[in-house]
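Structural features, examined
Letter by letter, the chains look like this.
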2 protein chains.
Amino acid sequence: MKQKQLSEADIRAAFTSSARSVFRTLFQSGPATRPQLGSTLGLSRPTLSSSIAELFAAGYVEKIGEVQGPLGRKAAMYRLGPGAGHVVAIDAGSTHVRTRVATLDRRLLHHRVYRLSSNQRHLGAEISQAVAEEVEATLALTEPGWGKLRALGIALPSRVVADNAARAATGQENLFSHFTPPDGVPLLLENNVNCAALAEQSHGVAQGLEDFAYIQIGLKIGMGVVLGGRLIRGRSGAAGEIGHLPFPWGPGLRPQNAGLEDYVGAEALMQRTRAAWPQDAGAAPADAATLFALAGEGHAAALAQVKRHAEDIGAIVSACVGVIDPGIVVLGGGIGDNAIMLPYVRETVDRLSYPTEIHASSLGVDATVLGIEKIAADHACELLVGK
Amino acid sequence: MKQKQLSEADIRAAFTSSARSVFRTLFQSGPATRPQLGSTLGLSRPTLSSSIAELFAAGYVEKIGEVQGPLGRKAAMYRLGPGAGHVVAIDAGSTHVRTRVATLDRRLLHHRVYRLSSNQRHLGAEISQAVAEEVEATLALTEPGWGKLRALGIALPSRVVADNAARAATGQENLFSHFTPPDGVPLLLENNVNCAALAEQSHGVAQGLEDFAYIQIGLKIGMGVVLGGRLIRGRSGAAGEIGHLPFPWGPGLRPQNAGLEDYVGAEALMQRTRAAWPQDAGAAPADAATLFALAGEGHAAALAQVKRHAEDIGAIVSACVGVIDPGIVVLGGGIGDNAIMLPYVRETVDRLSYPTEIHASSLGVDATVLGIEKIAADHACELLVGK
DNA sequence: CTTATTATGTTACGCACCTTAACAAACAAA
DNA sequence: TTTGTTTGTTAAGGTGCGTAACATAATAAG
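Each residue is numbered by its place in its chain's sequence as written, counting from 1. To read the labels, note that chains go from A and ligands from 1, taken in the order they are written. Per-residue local features are limited, in this predicted model, to residues with pLDDT of at least 70; the limit for side-chain atom pairs, both in listing and counting, is 80 or more; totals at the level of whole chains, interfaces and linings are taken over all residues. To get the side-chain values, all heavy atoms of the structure are used, and hydrogens and water are removed first.

So, the packing of aromatic side chains
In summary, the pairing rule links any two rings of Phe, Tyr or Trp, Trp by its six-membered ring, whose centres are within 6.5 Å, and it sorts them by plane angle into stacked for under 30 degrees, edge-to-face for over 60 and tilted for everything else. Evaluation of the coordinates by the stated rule reveals 10 aromatic pairs over all chains. A centroid spacing of 4.8 Å and a plane angle of 35° characterise the contact between A:Phe247 and A:Tyr263, whose relative ring orientation is tilted. A residue pair is termed long-range when its members are at least 10 positions apart, and A:Phe247 in the loop between strand S11 (230–232) and helix H7 (259–264) and A:Tyr263 in helix H7 qualify at 16 residues. Relative accessibility under 20% of the residue-type maximum defines a buried residue, over 50% an exposed one, and the middle range a partly exposed one, all with a 1.4 Å probe and only protein chains included. The class for A:Phe247 is buried, based on a relative accessible area of 2%. Here B:Phe176 and B:Phe179 contribute two aromatic rings whose centre-to-centre distance is 6.3 Å and whose plane-to-plane angle is 15°, an arrangement assigned as stacked. For B:Phe176, a relative accessible area of 25% puts it in the partly exposed group. Numbered from the N terminus, helices here are DSSP runs of H or I no shorter than four residues, and strands are runs of E no shorter than two.

Some thoughts on the side chain of A:Asn191
All names here are of chain A. Counting through the fold element by element, Asn191 comes out in strand S8 (residues 187–191). For Asn191, a relative accessible area of 10% corresponds to the buried category. Every residue pair with non-hydrogen atoms within 4.5 Å of one another is taken to be in contact. Look past the residues within four positions of Asn191 in its chain and what remains in contact with it is Leu156, Ser158, Arg159 and Val160.

Notes on the nonpolar core
Throughout this description, the term nonpolar core refers to a set of buried Ala, Val, Leu, Ile, Met, Phe, Trp, Tyr and Cys residues connected via side-chain atoms within 4.5 Å. Within the largest apolar cluster, 94 residues are counted, with the highest numbers of intra-cluster contacts made by A:Val317, A:Leu331, B:Val317 and B:Leu331. If sequence neighbours within four positions are ignored, A:Leu331 has contacts with A:Ile215, A:Ile217, A:Ile313, A:Val317, A:Gly336, A:Asp337, A:Leu342, A:Val345, A:Ile358, A:His359, A:Ala360 and A:Ser361.

So, the packing of helix H8 (residues 266–276) of chain B against helix H9 (residues 288–296) of chain B
All names here are of chain B. Helix axes are fitted only over the stretch in contact, all axes being lines through C-alpha atoms; the angle between N-to-C directions runs from 0 to 180 degrees. Across the interface, H8 lies against H9 with an axial gap of 10 Å and an inter-helix angle of 55°. With respect to H9, the axis of H8 lies oblique. The handedness of the crossing between H8 and H9 comes out as left-handed. Across from Leu269, Met270 and Thr273 in H8, the residues of H9 making contact are Ala288, Leu291 and Phe292. Residues of the contact of H8 with H9, tallied by class, amount to five nonpolar, one polar and no charged. Here roughly perpendicular refers to angles of 65 to 115 degrees, roughly parallel to angles under 35, roughly antiparallel to angles over 145, and oblique to all remaining angles. We call a crossing left-handed when the near helix sits turned anticlockwise from the far one by less than a right angle, and right-handed when that turn is clockwise. Note on residue categories: nonpolar means Ala, Val, Leu, Ile, Met, Phe, Trp, Tyr, Cys or Pro, charged means Asp, Glu, Lys or Arg, and polar means any other residue, Gly included.

So, the protein's contact with DNA strand C
As a matter of local geometry, DNA strand C sits amid 25 residues, with A:Ser18, A:Ser44, A:Thr47, B:Ser49 and B:Ala76 nearest to it. Whenever a nitrogen or oxygen atom comes within 3.5 Å of another N or O atom, the pair is scored as a polar contact, on the condition that within protein one atom can donate a hydrogen and the other can accept it, and that pairs from neighbouring residues in sequence are kept only if both atoms are in side chains. Here a phosphate oxygen of DNA strand C and a side-chain polar atom of A:Thr47 are 2.4 Å apart. Contact distances for DNA strand C include 2.9 Å between a phosphate oxygen and a side-chain N or O atom of A:Lys74. Elements that contribute at least two residues to the surface near DNA strand C include exactly helix H2 (17–29) and helix H4 (45–57) of chain A together with helix H3 (34–41), helix H4 (45–57) and strand S3 (75–80) of chain B. Split into classes, the residues belonging to the surface near DNA strand C amount to nine nonpolar, 10 polar and six charged. One heavy atom within 4 Å of a molecule or strand is enough for the residue carrying it to be called near that molecule or strand.

Section: the sheet that holds strand S9 (residues 212–217) of chain A
Residue and element names in this part refer to chain A. A sheet is described by the order of its strands in space; here five strands give the open sequence S11-S10-S9-S12-S13, paired in mixed fashion. The open sheet terminates on both sides in strands that have one partner only, identified here as S11 and strand S13 (357–360). On average, adjacent strands in this sheet sit at an angle of 25° to one another, irrespective of strand direction. Summarising the sheet, S9 and strand S10 (residues 221–227) pair through six bridges and their orientation is antiparallel. Should DSSP find at least two bridges between two strands, the strands are taken to pair.

Quick word on the sheet that holds S8(A)
All names here are of chain A. Pairing is mixed in the open sheet, where five strands are placed in the order S6-S5-S4-S7-S8. At either margin of the open sheet sits one strand with a lone partner, and together these are strand S6 (108–115) and S8. Neighbour to neighbour, the strand axes of the sheet diverge by 15° on average, direction disregarded. Here strand S5 (residues 96–103) runs beside S6; their pairing, made up of seven bridges, is antiparallel.

Quick notes on the relation of the copies chain A and chain B
In superposing the copies, a least-squares fit is computed on C-alpha atoms, taking residues whose pLDDT is at least 70 in both. You can overlay chain A on chain B at an RMSD of 0.1 Å; the transform is a turn of 180° with a shift of 0.1 Å along its axis. Classification of the inter-copy transformation places it as that of a two-fold axis. Using C-alpha coordinates, one finds that chain A approaches the rotation axis most closely at A:Trp249, a distance of 2.6 Å. When the interface residues of chain A are mapped onto chain B, 100% of them again fall at the interface, so both copies present the same face.

Quick look at the pairing of S5(A)
All names here are of chain A. Of all eight residues making up S5, eight are buried, and the element is well covered by its neighbours. The two faces of S5 match: His96, Arg98, Arg100 and Ala102 on one face and Val97, Thr99, Val101 and Thr103 on the other face are all buried. Alignment of strand S4 (residues 86–92) against S5, held across seven bridges, turns out to be antiparallel. Bridge assignment links Ala89 to a residue of S5, and that residue is Arg100. With antiparallel pairing between neighbouring strands as the criterion, S5 and S6 make up a hairpin whose turn holds four residues, including Arg106 at a positive phi of roughly 70°.

Here's the deal with the side chain of B:Glu190
All names here are of chain B. As for its position among the elements, Glu190 is in strand S8 (residues 187–191). Assessed through its relative accessible area of 1%, Glu190 is described here as buried. A distance of 2.5 Å separates a polar atom in the side chain of Glu190 from a polar atom in the side chain of Arg233. Excluding its chain neighbours within four sequence positions, the residues that come into contact with Glu190 are Ile154, Ala155, Leu156, Val160, Cys195, Leu231, Arg233, Ile372 and Ile375.

Describing the protein's contact with DNA strand D
The immediate surroundings of DNA strand D are formed by 25 residues, with A:Arg45, A:Ser49, B:Ser18, B:Ser44 and B:Thr47 found nearest. A share of 74% is what sugar and phosphate atoms reach among the atoms of DNA strand D within 4 Å of the protein. Between a phosphate oxygen of DNA strand D and a main-chain N or O atom of A:Ala76, the distance comes to 2.8 Å. Between a sugar or linking oxygen of DNA strand D and a side-chain N or O atom of B:Gln68, the distance comes to 3.4 Å. Put simply, the parts of the chain that give the surface near DNA strand D at least two residues each are helix H3 (34–41), H4 and strand S3 (75–80) of chain A together with helix H2 (17–29) and H4 of chain B. Top contributing element to the surface near DNA strand D by residue count: H4(A), with three residues. For the surface near DNA strand D, the per-class residue count stands at nine nonpolar, 10 polar and six charged.

With respect to the interface of chain A and chain B
Contacts between the two partners involve 52 residues from chain A and, on the opposite side, 52 residues from chain B. Around 4,200 Å² of area is buried between chain A and chain B when both sides are counted, 60% of it from carbon and sulfur atoms. For the interface between chain A and chain B, the tally reads 17 residue pairs in polar contact (both at pLDDT 80 or more). The element that contributes the greatest number of residues to the side of chain A that touches chain B is helix H10 (residues 300–324) of chain A, accounting for 11 residues. Partitioned by chemical class, the residues of the side of chain A that touches chain B number 29 nonpolar, 12 polar and 11 charged. By buried area we mean how much accessible surface two parts lose on assembly, using a 1.4 Å probe and totalling the loss over both.

Digging into the pattern of salt bridges
Residues and elements named next belong to chain A. Here, a salt bridge means any Lys or Arg side-chain nitrogen found within 4 Å of an Asp or Glu carboxyl oxygen. Evaluation of the coordinates by the stated rule reveals 24 salt bridges over all chains. The residue Glu190 makes a salt bridge to Arg233 at a minimum N-O spacing of 2.5 Å. In this pair, Glu190 is assigned in strand S8 and Arg233 in the loop between S11 and H7, connecting sequence segments 43 residues apart. In the salt-bridge network here, residues are joined through shared partners; they are Lys63, Glu66 and Lys74.

A look at unusual backbone geometry
With omega at -10°, the peptide bond leading from A:Phe247 into A:Pro248 counts as cis. Relative to the helices and strands, A:Pro248 is located in the loop between S11 and H7. With a phi close to 55°, A:Ala258 is a non-glycine residue in the positive phi region. Looking at the element boundaries, A:Ala258 is found in the loop between S11 and H7. The class for A:Ala258 is buried, based on a relative accessible area of 14%. In the Ramachandran plot, B:Arg106 falls in the positive-phi region, its phi being about 70° despite a non-glycine side chain. Assignment of secondary structure puts B:Arg106 in the loop between strand S5 (96–103) and strand S6 (108–115).

Here it is as structure tokens:
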């Protein structure tokens with residue numbers, strides 16, 4: 001193991017700096033011709049020639065064709081090769097375990113979804129068991145053409161901290177009750193909301209943005225913050241734990257621990273809805289999906305509930321703006337990505353805060369697994385050619 | 001002007017990368033011997049020799065003596081030279097305008113304080129006028145040994161944005177009603193609370209920390225956020241504008257615009273204090289300083305007010321933790337740096353949030369000017385030798 | 001006081017990595 | 001087929017750093 005790591009490091013050291021930056025460009029931006037690489041990186045043709053020769057010899061890049069410009073000789077096009085390897089990304093969610101296998105430059109190699117027998121409120125034994133099975137099944141069908149497995153990323157419905165000492169309190173260790181990570185493969189853990197935020201940055205509404213916040217509103221509520229292009233995790237992995245904002249709060253009102261989490265969750269929303277439901281408005285909706293469907297049809301009582309909830313969401317966004325002023329906030333999750341709430345959220349934020357764009361996510365259920373895939377790929381790339 | 005900038009850029013390009021990193025190290029860490037520089041930067045003695053020769057020829061560094069180790073030849077000690085130039089930093093505050101002139105490595109060359117005739121609540125004509133006079137007076141007494149003026153930094157009691165389009169709304173433009181910035185000198189503006197936060201990082205309680213929040217509590221309330229070593233400014237320069245946190249907020253309670261700012265300011269605090277002051281407790285304190293002095297002596301009624309205020313501060317800290325979980329929060333400002341509040345703030349934060357260290361600032365009135373000085377020095381250094 | 005030891009600084013030389021210049025190859029248009 | 005254009009390779013040179021060896025300047029030991 002140690003030996004392999006050493007030889008890996010030697011390979012990295014053997015690459016010239018220009019070769020490493022060529023690799024990074026192909027990693028970030030996908031296939032490119034030599035002239036494209038040269039102009040974006042500011043390298044001369046001879047340098048590119050030797051860089052690509054280096055990478056090609058190691059199998060890190062491969063030629064995938066030639067492109068004819070309007071005039072002159074064809075340009076050769078390259079992409080990452082099998083030597084670069086692949087990553088496995090897993091979203092250990094509350095209802096499904098989603099797995100993606102992909103090359104470092106994000107070409108999908110394999111996809112599978114495992115449905116949990118019941119809705120898991122916390123990271124526990126069943127999720128651990130399912131992850132163990134999915135990892136085993138995935139490793140079993142690994143094809144030679146995929147190259148080495150460079151990283152395994154798992155998105156968790158819990159706080160995640162790197163520091164060993166503080167881990168016990170997060171519950172992230174429950175992952176390992178029935179799952180033993182494969183040997184010799186870097187294991188990366190991240191909170192699922194943070195992953196969804198990163199997915200918005202790489203695939204979604206926040207594409208390429210350096211600063212934004214992502215708020216996920218479903219059964220529970222959470223936020224992922226990206227500032228200066230970097231995910232903000234917080235000392236205890238608690239950045240974005242907006243369920244802990246002070247609530248209720250006012251003159252003579254003492255905030256309660258996790259008071260907002262209890263108030264703004266889907267359960268509490270439906271409870272309030274049932275309590276306020278008029279006698280003559282038919283049966284009260286059984287779940288949030290029904291409530292929003294009714295509101296979408298213009299049902300007055302439903303709309304009133306949705307509007308009040310949206311105003312609460314708006315207050316949450318305002319708290320976020322008051323602290324970091326991200327400029328852009330993306331709403332996601334089963335309830336949050338619903339477009340009906342947008343105008344009311346915007347109204348509240350406009351009234352309370354500085355100018356902020358508010359968008360609804362369009363990524364759907366794959367957001368989290370795409371985010372953890374990106375984390376795994378980034379780690380693998382850094383491992384191969386440094387930062 | 002263009003020509004000068006060009007020649008400056010040429011000088012920078014002429015330095016080798018090792019010379020630039022030597023300059024940066026002397027800039028950041030102050031005087032150092034060659035062996036020290038070599039080991040911290042991982043450079044060989046010949047490389048250091050030529051680097052220092054380059055910098056010395058340009059006047060960017062100077063030899064300030066020799067240091068004798070326990071054995072062997074003396075080591076030469078260097079620091080930034082006159083060629084590196086100097087910066088002027090100004091804190092345009094509500095009661096005083098404080099000016100510091102310093103070398104890039106923060107050696108004080110000149111210091112002056114101008115007292116405003118009355119307490120200025122907003123950035124207006126009198127402050128602009130005072131800044132104009134202070135800048136003129138400072139430039140007049142510039143000594144040849146200081147070298148060129150590399151940057152002029154001004155800390156403002158308003159939001160600050162770089163973007164030209166959004167400037168009008170901030171009021172930062174009022175600075176220029178009576179003040180015309182000197183030609184050919186980079187002008188750097190920053191919010192005063194953000195400056196104080198940076199001062200905590202370079203001189204105060206948060207020394208060297210990558211992540212922390214600084215909350216200033218005085219007449220008004222504001223926060224400065226540093227994450228990943230970088231100051232978070234926000235899209236509209238509104239990061240840390242915690243007066244805009246949703247307040248009051250609870251079931252059936254509609255947050256008001258800037259509701260928290262009105263509630264938690266010194267004026268409102270004293271109003272509540274007077275209203276709640278018992279008949280038999282003597283005269284109610286006239287201002288916050290008196291209130292905290294009484295509380296310090298153990299006066300029960302005063303302590304009760306201080307405690308309630310501290311709990312409100314604790315809720316604010318919790319809002320900050322809920323969004324970014326900085327791990328460390330520094331309290332400053334005339335009210336905030338008071339140690340009496342600390343235990344109550346900590347109690348509230350412990351109850352509502354994840355583990356967070358809470359400290360009181362010890363920098364006093366010079367915090368802001370030290371912070372803007374650092375910003376100016378950083379900018380000057382980047383100008384000379386790049387990032 | 002001389003000699004040995006050690007740390008600092010300089011000179012000589014070589015290597016890694018990149019560039020420009022010149023040339024060869026491959027294509028479209030004339 | 002010729003011409004002009006773009007792509008890729010080969011050759012030669014320069015920059016920036018390193019190592020090795022030497023010169024210098026201090027302390028410690030005799």
